[in-house]
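If you want the building blocks of each chain, they are given just below.
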Amino acid sequence: MPKDSSIRDIHSFAAGAWISPGQGARHIASAITGEVIATAGNDALDVQSMLSYASDTGGPALRSLTFHDRARMLKALALHLKEHRQALYDLSFDTGATQSDHMIDVDGGIGTMLVFASKGRREMPDAQVYLDGPVEQLGREGRFVGRHIATPLLGVAVHINAFNFPVWGMLEKLAPTLLAGVPAIVKPATATCYVTEACVRIMLDSGLLPAGALQLVTGGLGDMLDHLDCQDVVSFTGSADTALKLRANPRLLSRSTRFMAEQDSLNASVLGPDAGPGTPEFDLFIKEAHREMTAKAGQKCTAIRRIMAPQAHVDAVIAALSDRLGKTRIGDPRLETTRMGALVSGAQKKDVLDKAGLLATEAERVFGDPGHFAVDSAEADKGAFLPPMLFHCADPDTAERVHDTEAFGPVSTVMGYRDLDHAIGLLNRGNGSLVASVITNDSDVARHMAMGAAAYHGRLYFNNRTSMAEATGHGAPLPHMVHGGPGRAGGGEELGGIRGVMHYMQRTAIQGSPDILTAIGGTWVPGAREASDKPHPFTRPFNDLQIGDTLMAGPRKITLEDIETFAHFTGDTFYAHMDDAAAAANPFFPGRVAHGYLLLSFAAGMFVQPDPGPVLANTGLDSLRFMAPVQAGDSIHVRLTVKAKTPRNEDYGEVRWHVTLTNQEKAAVAEYELLTMNAF
Ligand code: NAP
């Protein structure tokens, strides 16, 4: 039979070529009409050649770039996607998502990529080695030192994603992976892979990615996991059942292949005891709960599944939430009036109804009848539409299903609590979740909840009248903050800024002499070689300065008159600088001492080169320590060494100088890092 031309072929991108669906291809239906709109999958994919293409072509190309190069690439990719996002919106309606859902998925994904691009430039070096933590002195004299570094894994990251966020789900994993310097093979859920495929095409067509950096498998993954090794990573998002099956793969276990899981979870929101009806917090609580039930038709891993309120306010919560849910128009997501679209598929709808049936054994449905509800769609009967369904569980202590059954749709259960400890006990019965929220204006309540519940939740979200205008929402994972949770949530941790990049890198403890550590880390380590025979470093442009270039200056003798002048000029007449007897009575001082800030100012006076030159500005000072008192009659010297260099734009870069002040006995009196911006 000839193939219907309206059914799209969704390709895979394997070893540099687009592969059309073949043997084993699966049908994909529209969430709105139930009609088959696409086919995807080809059992004949050569997984070994995909893995080799990634690790032999993509990996070396990515690793030849610095973190800053990769961050610039991410930024360019994100901006390119932004230009083409309309095509992704247009496709996404068939997944059942509304325009505001697209913003979460498409714009949220692009935004996540931009944050990683920015953090890569700001928080990582323009180099190929990432330094993790400070230098540790391991020997008495400082000639044997240690530090931790992170370098990219040499294999491939296999990303297996859930159906609900076909774009964000890919980009939130891809951004940290590429920033780390690791190639990715993305396997989206089949139900929505046509959106992911379009997004991958946009990225590949941009020409911004090196060959081998990104491949795509639509349909089944075949036996790819059976070929992975210790340099590969599997990063999974989906249900707990699938995660368990995949993480138990004998090959992954025998090779200790990293496996990260972001699973489903029974997230909860707690109305604080202070936040009764009539308070801004009560209205906020209802607004957040409503949004979490209806956005993406409740198909969000972070959605609120359990709603906890003080026993006395349970009826008010049910009434207010039901009122709001009743005003939510359900229908074809292309209609502007629609506030909640469809579930992704008929199968998903059936699964949600089955799970709602389980919840109904312990809780009463108080809003939403799946047998009778209004849908604004010509295809109401064929689409995967459901109404929001609110349950009330009168006895959450003896109940089991309400704490362990995730109905991945617009379903939530209200339950009352007696006191805060009872609420904490109920929260933690989810056995580990991605996020729990507490809506309270009482900081003591917040602290009590954090102490009792933080260990069970990857993220705690507090909101009240102060933060509500800016708060990003219970359900929104942010690239800056950790996303993941213990136990039921999978035990994984994604995002969280540079923490998320570390999943794709190996942390290695490096031990050796200061010179060895300087050479490996690209950052000067105290005790390493210094070069002090060159022209003044302030006269040399950014590109001429070398790590280890050093300027020595001094001595400058400190007089009592200096101390008095500084004290009266600045107003800092603290007794330790003015009153010999009072200062001597202080355990830190032998008598009157010079101001630490006076020493810093004198140090600057000793090391600056005053003429206009490549140094554009002093932008800060880090890690300042005053180590020994300086008194009138003492002489100080300063030593300034180029510790690290970071380009900031096309015109200038940041130079981090290690500065040590010593006295006439060669004892260190102060140490700090000085930051300057230097022209190229
Ligand atoms: P799923 O059925 O577990 O599928 C997740 C992914 O695993 C899909 O790409 C699926 O591909 C793939 N998969 C299934 N069996 C596989 C196998 N044997 N080998 C390789 N891959 C396999 O989950 P879903 O229905 O897509 O997503 C809904 C669930 O994800 C919910 O439970 C939700 O809570 C969870 N979720 C969690 C997060 C989070 O960040 N924690 C985010 C979103 C969703 P196919 O589609 O081709 O079967």
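Structure shown above.
A quick note: this is a predicted structure, and the numbers were derived from the prediction, not measured. (Residues numbered from 1 in each chain as written. Predicted model: local features only at pLDDT ≥ 70, side-chain atom pairs only at ≥ 80, totals over all residues. Heavy atoms only, no water.)

Engineer: What am I meant to see in the overall build of the chain here?
Structural biologist: On a plain count of helices and strands, the chain comes out with 20 helices and 27 strands. Relative to its 680 residues, the chain shows a buried fraction of 54%. Long-range contacts, defined here as pairs at least 24 residues apart, represent 74% of the contacts in the chain between residues at least 6 apart. Of the roughly 28,200 Å² of accessible surface on the chain, 52% is carried by carbon and sulfur atoms. Computing the positive centroid from 61 side-chain charges and the negative centroid from 77, the chain places the two 3 Å apart. (Helix = DSSP H or I, 4+ residues; strand = E, 2+ residues; numbered from the N terminus. Buried < 20%, exposed > 50% of the residue type's maximum accessible area, 1.4 Å probe, protein only. Contact = heavy atoms within 4.5 Å. Areas by Shrake-Rupley, 256 points an atom, 1.4 Å probe, with all protein chains shown as cover. Lys, Arg positive; Asp, Glu negative; His and termini not counted. Charge placed at Lys NZ, Arg CZ, Asp CG, Glu CD.)

Engineer: I'm lost on the side chain of R592 in this one. Help?
Structural biologist: Its location among the elements puts R592 in the loop between α19 (580–584) and α20 (596–607). Residues within four places of R592 in sequence aside, it is in contact with L560, E564, A576, H577, M578, D579, D580, A583 and Q631.

Engineer: Can you walk me through the packing of aromatic side chains in this structure?
Structural biologist: Where two aromatic rings form a pair, the distance of their centres and the angle of their planes describe that pair. By the definition in use, this model includes 11 aromatic pairs. Ring plane angle 55° and centroid distance 4.9 Å describe the contact between F13 and W18, whose orientation is recorded as tilted. A relative accessible area of 11% places F13 in the buried class. A relative accessible area of 26% places W18 in the partly exposed class. Seen in terms of ring centroids, F67 and Y130 are 6.4 Å apart; in terms of plane orientation they differ by 80°. Their pairing is edge-to-face. Placement of F67 in helix α2 (residues 67–83) and of Y130 in strand β6 (residues 130–137) is noted, with a sequence separation of 63 residues between them. (Phe/Tyr/Trp six-rings, centres within 6.5 Å; stacked < 30°, edge-to-face > 60°.)

Engineer: Explain the site of the ligand to me, please; I cannot follow it from the model alone.
Structural biologist: Around the ligand, 24 residues are found, and the nearest of them are N161, T190, S239, T242 and E406. N161 has a polar backbone atom sitting 2.7 Å from an oxygen atom of the ligand. For the ligand, an oxygen atom lies 2.6 Å from a polar atom in the side chain of T242. Bound to the protein, the ligand loses 81% of the 900 Å² it would expose on its own. Of the pockets mapped on this structure, the ligand occupies the second largest pocket. Counting only elements with at least two residues in the shell around the ligand, the list comes to β11 (233–237) and α7 (240–247). Of the residues belonging to the shell around the ligand, the class tally is 10 nonpolar, 9 polar and 5 charged. Among the domains, domain 1 (40–262) and domain 2 (268–489) are the pair contributing at least three residues each to the shell around the ligand. (Near = heavy atom within 4 Å. Polar contact = N/O pair within 3.5 Å; in protein donor to acceptor, adjacent residues only side chain to side chain. 1 Å grid on protein atoms, 1.4 Å probe; cavity = no way out; pocket = protein on both sides within 12 Å on 5 of 7 lines; lining within 4 Å. Sits in = over half its atoms within 2 Å of the grid points. Nonpolar A, V, L, I, M, F, W, Y, C, P; charged D, E, K, R; others polar. Domains from an automatic or database assignment.)

Engineer: Which parts of the structure should I look at to understand the environment of H568?
Structural biologist: Residue placement: H568 occurs in helix α17 (residues 560–570). Owing to a relative accessible area of 56%, H568 belongs among the exposed residues under this scheme. Residues contacting H568, with those up to four places away along its chain left out, are T573 and M578.

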